[in-house]
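Structural characterization, general
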Amino acid sequence: MTTTSLSAPQQQLLNLFAGLDLPVLAAPMFLVSGPRLLAASCQAGIVGSLPAPNARTVEQLQQWLEQIVGERDAAQQRGEQWAPWMLNMIVHSTYDRFEAELELVRRYQPPIVSTALGSPKRVLDTVHAYGGVVIADVISPALARKAVAAGVDGLVLVCNGAGGHTGNYNPFAFVAEVREFWDGPLGLAGAISNGRDIHAAQVLGCDFSLVGTRLIATHESLVEDAYRDMLVECSLDQVTTTKAVSGVLANWMQPSLDKAGIDPRSETRPSIDFSGDIATANKAWKHVWSAGQGVGQITRTCSVAELVDELHQGYRQSRARAL
Ligand SMILES: Cc1cc2nc3c(=O)[nH]c(=O)nc-3n(C[C@H](O)[C@H](O)[C@H](O)COP(=O)(O)O)c2cc1C
């Protein structure tokens, strides 16, 4: 590994996760993460997040951001913990809310901004100007190099088994290859489901973990109860990887594909377009339910606080065993 000195934003991001009892980022999830899930995550001591397109309109997004900073300020005044929060933005050229959302970023200053579906370059100057940091999700070493060249402060390696739009690579191989050229903050995503996994990600060379699927089954997510119930019922055998739903490789619970009459082997690929109301345009996500390969470890629905407690306990035990 080539050792380079870290930039100030990179060091800031490392310090941010080093300052948490549990180095976890609640993964941003389309139609799943709203302000309630974000706030519950921050209160429980992990980085809370939401994807900006989950707000139906720019006006609603502004209300959400107002609510988030209001709740943060109130918690801090009461002397309660409130971990930093993150906004996930689509930076694809067809996404017509981008400029309006960037204006809200300037105003509400999320400490972390993550970018999806395009170059993080589009947000770097704005976020750095108020002291925030930018991270990018990548699914291959080539895309990791591209994000590094664009100047990101942190990378998240989305590996095989991840919920939503999944990666295809094994985390051992992927982390090792990226660590050859990247000393900066590194996150791991994909089926990280218990405290031991969070510890294992650190042993592998990562600084923090993303937890997605497990959080869908919490009371605070935006999903309907039938989705939570299916998460509890499904196991690894029932997770199907296909492009047939969204046009991009993603993991879905097979019973929800069956219910929607979608054949995962179908060669028909929905086209990708982010103009207009994307929550409505991507109706498939409402009826076909995504889960990562860690779904088998969901045995109950619970609150975010209970889940974080459980993860923390497992993390502590795993670290103690390793000593
Ligand atoms: C239902 C669902 C929706 C998702 N939506 C987004 C999204 O809008 N933006 C994004 O960057 N990642 C999205 N992801 C990916 C997650 O941020 C994260 O990488 C993934 O959930 C981690 O894997 P895990 O679910 O196995 O824990 C989504 C994942 C799920 C399960």
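Every value quoted in this text rests on a predicted model; they were computed, and no experiment measured them. (Residues numbered from 1 in each chain as written. Predicted model: local features only at pLDDT ≥ 70, side-chain atom pairs only at ≥ 80, totals over all residues.)

Here we take up the overall build of the protein chain. Secondary structure summary: the protein chain contains 14 helices and 11 strands in total. Scaling as 2.2 N^0.38, a compact globule of 323 residues should have a C-alpha radius of gyration of about 20 Å, and the protein chain matches this with 18 Å. When the backbone C-alpha atoms are referred to their principal axes, the protein chain occupies close to 50 × 50 × 45 Å. Contacts in the protein chain between residues far apart in sequence, at least 24 positions, make up 66% of those at least 6 positions apart. (Helix = DSSP H or I, 4+ residues; strand = E, 2+ residues; numbered from the N terminus. Rg over C-alpha atoms; globule rule 2.2 N^0.38 Å. Contact = placed C-beta atoms within 7 Å.)

Lining the immediate surroundings of the ligand are 24 residues, of which A27, G163, G164, G212 and G292 lie closest. Residues belonging to the shell around the ligand are distributed by class as follows: 14 nonpolar, 9 polar and 1 charged. (Near = placed C-beta within 6 Å. Nonpolar A, V, L, I, M, F, W, Y, C, P; charged D, E, K, R; others polar.)

What follows is about the sheet that holds strand 5 (residues 133-138). Strands pair in a sheet through their backbones, by hydrogen bonds, and they do so in one of two ways: parallel or antiparallel. The 8 strands lie next to each other as 1-9-8-6-5-4-3-2, forming an open sheet whose pairing is parallel. Each having just a single partner strand, strand 1 (24-26) and strand 2 (48-51) make up the two edges of the open sheet. Averaged over all neighbouring strand pairs, the angle between strand axes comes to 25°, with direction disregarded. Taken together, the 4 bridges between strand 2 and strand 3 (residues 85-90) define a ladder with parallel strand orientation. Note on strand 3: the bridge partner recorded for G48 is W85. Here helix 6 (residues 141-150) sits on the sheet in contact with strand 5 and strand 6 (154-158), set at roughly 160° to strand 5. This element, helix 8 (residues 195-204), spans strand 1, strand 8 (186-189) and strand 9 (208-211) of the sheet and lies at about 140° to strand 9. (Pairing = 2+ DSSP bridges. Axes fitted to C-alpha atoms, helices over the stretch in contact; angles between N-to-C directions.)

When helix 10 (residues 225-233) is considered as a whole, its buried residues turn out to be Y227, R228, M230 and L231. Projection of helix 10 onto a plane perpendicular to its axis shows the buried side chains occupying an angular sector of 160°, all on one side. Exposed positions of helix 10 whose direction lies more than 90 degrees from the buried face are D225, A226, D229, V232 and E233. (Buried ≥ 20, exposed ≤ 12 C-beta atoms within 10 Å, placed from the backbone. Arc of directions from axis to C-beta.)

On the basis of which strands lie adjacent, the open sheet formed by 3 strands has the order 7-11-10 and antiparallel pairing. Only two strands of the sheet have a single partner each, and these edge strands are strand 7 (164-165) and strand 10 (239-242). Alignment of strand 10 against strand 11 (residues 250-253), held across 4 bridges, turns out to be antiparallel. Residue pairing across strands places T242 opposite A250, the latter belonging to strand 11.

Let us look at the nonpolar core. Across soluble globular proteins, nonpolar side chains have a tendency to be buried as a group. Counting 93 residues, the largest nonpolar core has L25, I46, L155, L157 and A189 as its most contacted members. Looking at this core, the element that brings in the most residues is helix 2 (residues 35-44), giving 6 residues. (Core = buried A, V, L, I, M, F, W, Y, C linked by C-beta atoms within 7 Å.)

Geometric descriptors of this kind do not, in isolation, establish any biological role.
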